[in-house]
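Observations on chain architecture
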Amino acid sequence: MRDTGNRRDERADDRWLWRISLSAAALFWERLWRALWPPLAIAALFFILALLDFLPHLPGWLHAILLGGFALAFALLLWMELHDLSLPGYREARRRLEQINALAHRPLEALDDSIAGGAEADPVARELWRRHQERMRETVALMRVGAARPGLIHRDPLTLRFALVLGLAIALLIAGGDAPDRLLRAVSPGIVAAGGGVPVTLDAWLTPPPYTGQPPVFLSGGGRMPAEDPVTVPQGSILVAQIGGAGAAPEFALPDGLPAPAFDPVGGTNYRAEVPLETGGRVAVLLRGKELGGWNIEIVPDAPPSAAFLREPGRTPLAALRLDFEAHDDYGLAAVSATVRRPAGTAGAADESIVFDLPLPSLNAADASGTGYQDLTAHPWAGLPVEIQLTARDGRGQRGTSGAIATVLPEREFQHPVARAIVEQRKHLAADPIGARHTVGAALRTIARDTAAFDGDVTVFLALTASSQRLRHSTAPKAPEEVMQILWDTALRLEDGKLSLAARELRRLQKDLADALSRDATDEELTRLMDRLEAALDELMDALAKMQPRDSEGMPIDPNAMAISREDLRAMFDRMRDLARGGARDAARQMLSELQSMLENLQTARPGQPSKEFQDGMKMLDSLQDMMRAQQEMLDRTYREAQRQQEGQQEGQQNGKPGGKPEGGQQGDATLQEALRRQLGELMRQMGEMGGDIPRPFGRAEGAMRRSTEALRNGQPGAAVPPQGEALDQLREGARMATEQMMQKFGMQGPGMPGGRAGMQPGQQDPFGRRTDGGQGFSQGDVDIPSESDVQRARRILDELRRRAGEHDRPAVERDYIDRLLKPY
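So, here is what we can say about the structure in this document. Remember, it's a predicted structure, so these values are computed and weren't measured experimentally. (Residues numbered from 1 in each chain as written. Predicted model: local features only at pLDDT ≥ 70, side-chain atom pairs only at ≥ 80, totals over all residues. Heavy atoms only, no water.)

As for the pairing of strand β14 (residues 321–328)
For β14, the buried fraction is high: six of the eight residues fall into the buried class. Bridging between strand β12 (residues 306–309) and β14 involves four bridges; their strand directions are antiparallel. Across the sheet, residue A308 finds its bridge partner in β14, namely E326. Of the strand pairs in this sheet, strand β13 (residues 314–315) and β14 are connected by two bridges, and their pairing is antiparallel. Along β14, the bridge assignment pairs R315 with L321. Hairpin geometry of β13 and β14 is characterised by an intervening segment of five residues between the two adjacent antiparallel strands and by a positive phi of about 70 degrees at A319. Pairing between β14 and strand β17 (residues 367–374): eight bridges, direction antiparallel. Each residue of the ladder has a partner; that of L321, found in β17, is Q374. (Buried < 20%, exposed > 50% of the residue type's maximum accessible area, 1.4 Å probe, protein only. Helix = DSSP H or I, 4+ residues; strand = E, 2+ residues; numbered from the N terminus. Pairing = 2+ DSSP bridges.)

So this is what it looks like as structure tokens:
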């Protein structure tokens, strides 16, 4: 850098001297920018290639040559340009101001000049010179410095500078957070494989077992992950490592006790390997002894599951075995099963067992408690002492068992004499399938001849005759087993008609539906299974109705029996369909289990001798149940009317019109609410006359009904909703207390009441007869059954998604996203 030799004229006026200084600075910047343009262009090109990660993909020698070429070109151009760079002088800066401001006759130079002759000049000449300088001062008074103009167009006529700036911006966007690493690789041509020009890359991640439900853990490559940061994963996780650009096969360095698998080539210089991790420690990937990546892995042990009985095994009214259980696992249960064996020392204790699965509330549930049912009345061990043990299995295949509980398998007790005789012969055949064939066949022929004993039932006659002939003539090994099944079905037909056969078919369909819900079956398959299950349920209810004596209406039955109406079952079925269609399949499974629990506890009524007081109490409870139903219907109507009124008011405000006036329907509901209040008062009077205590919730319900009536009369359905809800809650609580009073008064200790609809003990049954204390069905802690509003909202969302999926004018990205949302359904 050199000086031009132009110095400031000592005569310069300080009033414009600062502008001349700024002009000199601008002039220097113009020269400097023109001088820096060539080396900066070389640097920008290098940064673009570096940020695009282009250089590391070249052979190492070519990468090094290019890197040296860029450095040499940058240094050489920088030296050449700066060597010829000169500092602008005073006269150049002054002349620039005159040119920038388009000043004619060089006024700044004139101001720096002096009159020829000095003080000896002619007075007239001096006066003319003074006026000339005054005119020049006026000319330069408003001059400006102006922006620097480097004039790169002369050095870059192709405007390559704009292309470089745009390319640099795009390269930065592409590199993103990886920009520092890419720049480091660009200036490090030695980090490549020895056998090729592709840089060595390492991608590694940990995949936990699927049953844990945990996401993969992605690891950093290149050995840059700090050793003090351990990675915690479940036992059985798989470490996956992929190496690219390796000239030789990499290898693992694993903790002691873990075998190191070999890396498999996947094409060219790429390798891949997987390592199941059972123990923790330092895990590293090596290439020719150099560590490419290493991590400290901590393994969380997968504890085996546990299972236990919640109570002693029992039997249902339909003679099925009932097992109440609980099971736990740290990640998720895969299955829970029960194993039935004969006690040690008895025949068949060592080589035979009965194994069946118990239902789980949801897939991979960590904690489950529920009830399983199994009909073993047809098994030869029915009525014999057995030992039952539970086994829980997790996704890893580990098993945990409970202690064995001794019990007696439920046995069907037949009342029909022919059914008893058939079952007796079946027992003989089960005890000695080979030796008793002929004696049992002869006995069956004898039973078949007495057609009057079974009312000439052709089906029974044909079954007995066919069984006798098959035992007499067939030599097939499975013949005795198949005959025993025929005899059992025949005995059930004689004993209770189609009831037991319908119950068996119902259990089979329940199992098929539960399996379909577990494996994400299609909507069509679920609909088909639900239709068949509903038909089988109707058949069971018909069979129960036929066995109900006509003169037993209103008579006391076994207090442990559950009673349920077809309407309740239909409501449960509709709810279960909505849950399955809306994608809440775990909740549908839970509701299916509750349905099974209800059905297993159904039993026929057994007539007794009810007192008039008992009948009056039952009528009172039925009236209370009807009152609750009417109050619930009114609450639903009022809520809908409140919503309509609110929407009408909003629309009226938008249109500048007043909201709608109370409709006549509200006045009708007000009259009905008042009638329900008076009916409750009459019911409370009757309870007082019977000598019982009037539950206090009834008084609170009466007050809430009064407030509801006033709100409805004033045309305020929104204000009537809260008291109506309070009235319904108080009615339910009062019904529970009234039921307890009746149970105590008449000595009934079971969980249900005759008629069952209003009889519910707290913590035991809801209005559908389902257990709420976890005793039957699943505990409520595992799966939340969505409310009716949630189900309807899910259905609306699903319908809207299906509608949008059919609109082909929507963007392809949106349609693909909607298709992915609809896949599970």
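Comments concerning the pattern of salt bridges
All told, the structure shown has 19 salt bridges when counted by the stated rule. Across the pair D512 and R508 runs a salt bridge whose closest N-O atoms are separated by 3.1 Å. With D512 and R508 both in helix α12 (residues 499–518) and four residues apart, this pair spans about one turn of that helix. On the accessibility criterion, D512 (26% relative accessible area) is partly exposed. A residue is classified by how much of its surface remains accessible, and R508, at 37% relative accessible area, is partly exposed. Here E702 and R677 are joined by a salt bridge, their closest N and O atoms 2.4 Å apart. Here the residue E702 occupies a position in helix α18 (residues 696–713), and R677 occupies one in helix α17 (residues 664–689), the gap between them amounting to 25 residues. Here E702 and R677 have matching classes, each one buried. Among the ionic contacts, a cluster of salt bridges with common partners joins E674, R677, R678, E702 and R706. (Salt bridge = Lys/Arg side-chain N within 4 Å of Asp/Glu carboxyl O.)

Some remarks on a nonpolar patch on the surface
Taken together, the side chains of L52, F54, L166, I170 and I174 define a hydrophobic patch exposed on the protein surface, amounting to about 470 Å² of accessible area. Checked against the element boundaries, L166 lands in helix α6 (residues 160–175). The exposure class assigned to L166 is exposed, which follows from its relative accessible area of 54%. (Patch = residues over 30% accessible without salt bridge, like charges linked within 9 Å, V, L, I, M, F, W, Y side chains within 5 Å. Areas by Shrake-Rupley, 256 points an atom, 1.4 Å probe, with all protein chains shown as cover.)

Digging into the packing of helix α9 (residues 437–449) against helix α10 (residues 458–473)
Look at α9 against α10: their axes get within 8 Å of each other, and the N-to-C directions meet at 155 degrees. Relative to α10, the element α9 lies roughly antiparallel. Both α9 and α10 take part in a crossing whose hand is left-handed. Listed contacts from α10 to R437, H438, V440, G441, L444, R445, I447 and A448 of α9 are F461, L464, T465, S467, S468, Q469, R470, L471 and R472. (Axes fitted to C-alpha atoms, helices over the stretch in contact; angles between N-to-C directions. Parallel < 35°, antiparallel > 145°, perpendicular 65-115°, else oblique. Left-handed = near helix turned anticlockwise from the far one by under 90°. Contact = heavy atoms within 4.5 Å.)

Let's talk about the sheet that holds strand β5 (residues 231–234)
Backbone-to-backbone hydrogen bonds pair the strands of a sheet. The strands run either parallel or antiparallel. A sheet is described by the order of its strands in space; here four strands give the open sequence β5-β11-β10-β7, paired in mixed fashion. Looking at which strands have only one partner, the edges of the open sheet turn out to be β5 and β7 (251–253). Here the average twist between neighbouring strands, direction ignored, is 35 degrees. Where β5 and strand β11 (residues 290–300) come together, four bridges link them in parallel fashion. Residue pairing for β11: P234 is matched across the bridge by V300.

A closer look at the sheet that holds strand β4 (residues 217–219)
The strand order β4-β3-β6-β9-β8 describes an open sheet built from five strands, whose pairing is antiparallel. A strand with exactly one partner marks an edge of an open sheet, and here the two such strands are β4 and β8 (264–265). As paired strands, strand β3 (residues 201–207) and strand β6 (residues 238–244) are joined by seven bridges and run antiparallel to one another. Along β6, the bridge assignment pairs W205 with V240.

Brief notes about the environment of E278
Following the sequence through the fold, E278 ends up in the loop between β9 (271–276) and β10 (281–287). In this view, E278 contacts Q235, G236, L258, I299 and R396; residues no more than four positions away in its chain are not counted.

Geometry only, nothing functional implied.
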